[in-house]
Amino acid sequence: MNWVMLSLILGNTLSNAAPVLLAGLGGMMSEKSGVINIGLEGMMTIGALIGAVVGYYLGKPWLAFLCGGLAGAFFGLIHAIISVSLGGDQTISGIAINTLGPGLALFLARMFFDGATQTPSIDLKNKIPRLFRGSENQVMQNLFGQYATVYIALIMVLVLYLFLYKTKWGLRVIAVGEHPKAAETLNISVTKTRYWSVIFSGFMAGLGGASMSLAVVSSFSQSLIAGQGYIALVTVIFGNWKPQGVLIGSLFFGLAQSIATYLGGSSINVPIEFISMIPYIATLLILIIFQRKSKAPKASGKAYLTVDNL
């Protein structure tokens, strides 16, 4: 182990953490408003597929990235209609989306690419660009020469922190997630607040999926997301429904995944199947350890039907 290898592991940690961080921040916003969104996996999957399709055919990575987010937002809208307007079970709705998203993504992939379940590789010049790659120092390049999506995810942590705790709109989201009836007496629309929060949640999850197919990997495959939507949910719980906490949880998962990649390429005599399990086992352990210290918004998961539900 030398400085170059250590910087490579840390750099890969950031790269692996970004998709989970984007989706986790979205899930946090939804639950802050009182709506559980366990459909992040499906939203990430459809976002990854749409991002890959648009990126491959149009060759415009930023447009593809945005389209991936919009695809996730559409599924967020479906979840909002069921959970907010109809007062349906939020968990069942999320499970349905986690089933529908991958199924629809696979169907669309076959439709767009003549029956193939994996999209063709996107040309390197049409991927999300890396920033700060001009340094001749390999350590600095490994650490800071990240895809732009990494910096977007980190910036969103600060943006959402300021939004939630420093603006009246963010405080309204928190109020709706804690005491919706009291918030309504202050002329805060519980329905609109939850709708926008859930749709934003889907948008962020879609961006997380698109960052996988446009940055981390240059194509979409059926196993691309591989449970990262569920990992994002764990980061929300681990992070105690706070942006900075979600960041720490995502970095932990990214580090575990980076270490697993390093061990997989080393001469260590451990079955590759066990090495591949390391990130998920580590995530389960932190969930077991920290879940008792986490405190969800009081109204999270509870339907609240009012006369303004549409």
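### A closer look at the packing of helix 1 (residues 3-32) against helix 10 (residues 228-238)
- The geometry of helix 1 relative to helix 10 is characterised by a closest axis approach of 8 Å and an angle of 60° between their N-to-C directions. Between helix 1 and helix 10, the angle is such that the two are oblique. The handedness of the crossing between helix 1 and helix 10 is right-handed. Across the interface between the two elements, Asn16, Pro19, Val20, Ala23, Gly24, Gly27, Met28 and Glu31 of helix 1 pack against Gln228, Ile231, Ala232, Leu233, Thr235 and Val236 of helix 10.

### Digging into the packing of helix 11 (residues 243-264) against helix 12 (residues 272-290)
- For the pair helix 11 and helix 12, the least separation of the axes is 9 Å and the interaxial angle reads 165°. By the angle between their directions, the pair helix 11 and helix 12 is classed as roughly antiparallel. Considering only the axes of helix 11 and helix 12, their crossing is right-handed. Taken together, the residues of helix 12 that come into contact with helix 11 (itself represented by Phe252, Phe253, Ala256, Gln257, Ala260, Leu263 and Gly264) are Ile272, Ile275, Ile278, Pro279, Tyr280, Ala282, Thr283 and Ile286.
- In the contact of helix 11 with helix 12, the residues fall into 12 nonpolar, 3 polar and no charged.

### Thoughts on the packing of aromatic side chains
- On inspection of all chains with the given rule, the structure shows 9 aromatic pairs.
- A ring pair is formed by Tyr56 and Tyr57, whose centres lie 5.2 Å apart and whose planes are at 80°; its orientation type is edge-to-face.
- You can call Tyr56 partly exposed: its relative accessible area is 37%.
- Overall, Tyr57 belongs to the partly exposed group, its relative accessible area being 46%.
- Between the aromatic rings of Tyr56 and Phe113, the centroid separation amounts to 5.6 Å while the plane-to-plane angle is 70°, which identifies the pairing as edge-to-face. Separated by 57 residues along the polypeptide, Tyr56 in helix 2 (residues 40-58) and Phe113 in the loop between helix 4 (90-112) and helix 5 (138-144) bring together distant segments of the chain.
- Aromatic rings pair up to connect Tyr56, Tyr57, Phe112 and Phe113 into one cluster.
- Over the ring of Tyr147 we find Arg130, and its NZ or CZ is 4.0 Å from the ring centre.

### Quick word on the side chain of Asn142
- Inspection of the secondary structure puts Asn142 in helix 5.
- For Asn142, a relative accessible area of 12% gives the class buried.
- If we ignore the near neighbours within four places in the chain, the residues touching Asn142 are Val4, Ser7, Leu8 and Gly11.

### Quick notes on helix 4
- Taking 1.5 Å as the rise per residue, helix 4 with 23 residues should run 33 Å; its terminal C-alpha atoms sit 32 Å apart, in good agreement.
- Against helix 2, helix 3 (61-85) and helix 10 lie the buried residues of helix 4.
- You can read the cap of helix 4 off the contacts: a side-chain oxygen lies 2.9 Å from the backbone nitrogen of Thr91, and it is on Asp89.

### Looking at the side chain of Gln90
- Summarising the element assignment, Gln90 is placed in helix 4.
- Setting aside chain neighbours within four positions, we find Gln90 in contact with Gly34, Val35, Ile36, His79, Ser83, Gly301, Lys302 and Ala303.

### Details of a nonpolar patch on the surface
- A contiguous nonpolar patch, built from Tyr56, Tyr57, Leu58, Leu63, Leu66, Leu70, Leu100, Leu104, Phe107, Met111 and Phe112 and spanning about 1000 Å² of accessible area, is present on the exposed surface.
- Secondary-structure elements contributing two or more residues to the nonpolar patch are helix 2, helix 3 and helix 4.
- Per-element tally for the nonpolar patch: the top contributor is helix 4, with 5 residues.
- For Phe107, the location among the structural elements is in helix 4.

### Overview of the confidence of the model for the protein chain
- Confidence in the prediction of the protein chain, expressed as mean pLDDT, is 91, and 97% of residues score 70 or more.
- Of all the helices and strands in the protein chain, helix 12 carries the lowest mean pLDDT, 80, while helix 6 (residues 148-166) carries the highest, 97.

### Regarding the environment of Ile97
- Following the sequence through the fold, Ile97 ends up in helix 4.
- When the C-alpha atoms of Ile97 and Gly76 are compared, they prove to be 9.1 Å apart, with 21 residues separating the residues in sequence.
- In contact with Ile97, other than residues within four places in its own chain, are Gly39, Gly42, Met43, Phe75, His79 and Pro102.

### Topic: the environment of Ala71
- Summarising the element assignment, Ala71 is placed in helix 3.
- Judged by its relative accessible area of 13%, Ala71 is buried.
- As for Ala71 and Lys242, which are separated by 171 residues in sequence, their C-alpha atoms are 25 Å apart.
- Ala71 has contacts with Ile46, Gly47 and Ile50, leaving out every residue within four places of it along the chain.

Reading guide: rules and limits
- Residues numbered from 1 in each chain as written.
- Predicted model: local features only at pLDDT ≥ 70, side-chain atom pairs only at ≥ 80, totals over all residues.
- Heavy atoms only, no water.
- Axes fitted to C-alpha atoms, helices over the stretch in contact; angles between N-to-C directions.
- Helix = DSSP H or I, 4+ residues; strand = E, 2+ residues; numbered from the N terminus.
- Parallel < 35°, antiparallel > 145°, perpendicular 65-115°, else oblique.
- Left-handed = near helix turned anticlockwise from the far one by under 90°.
- Contact = heavy atoms within 4.5 Å.
- Nonpolar A, V, L, I, M, F, W, Y, C, P; charged D, E, K, R; others polar.
- Phe/Tyr/Trp six-rings, centres within 6.5 Å; stacked < 30°, edge-to-face > 60°.
- Buried < 20%, exposed > 50% of the residue type's maximum accessible area, 1.4 Å probe, protein only.
- Lys NZ or Arg CZ within 6 Å of the ring centre and 35° of its normal.
- Expected span 1.5 Å × (residues − 1).
- Polar contact = N/O pair within 3.5 Å; in protein donor to acceptor, adjacent residues only side chain to side chain.
- Patch = residues over 30% accessible without salt bridge, like charges linked within 9 Å, V, L, I, M, F, W, Y side chains within 5 Å.
- Areas by Shrake-Rupley, 256 points an atom, 1.4 Å probe, with all protein chains shown as cover.
- Salt bridge = Lys/Arg side-chain N within 4 Å of Asp/Glu carboxyl O.
- pLDDT = per-residue confidence, 0-100.

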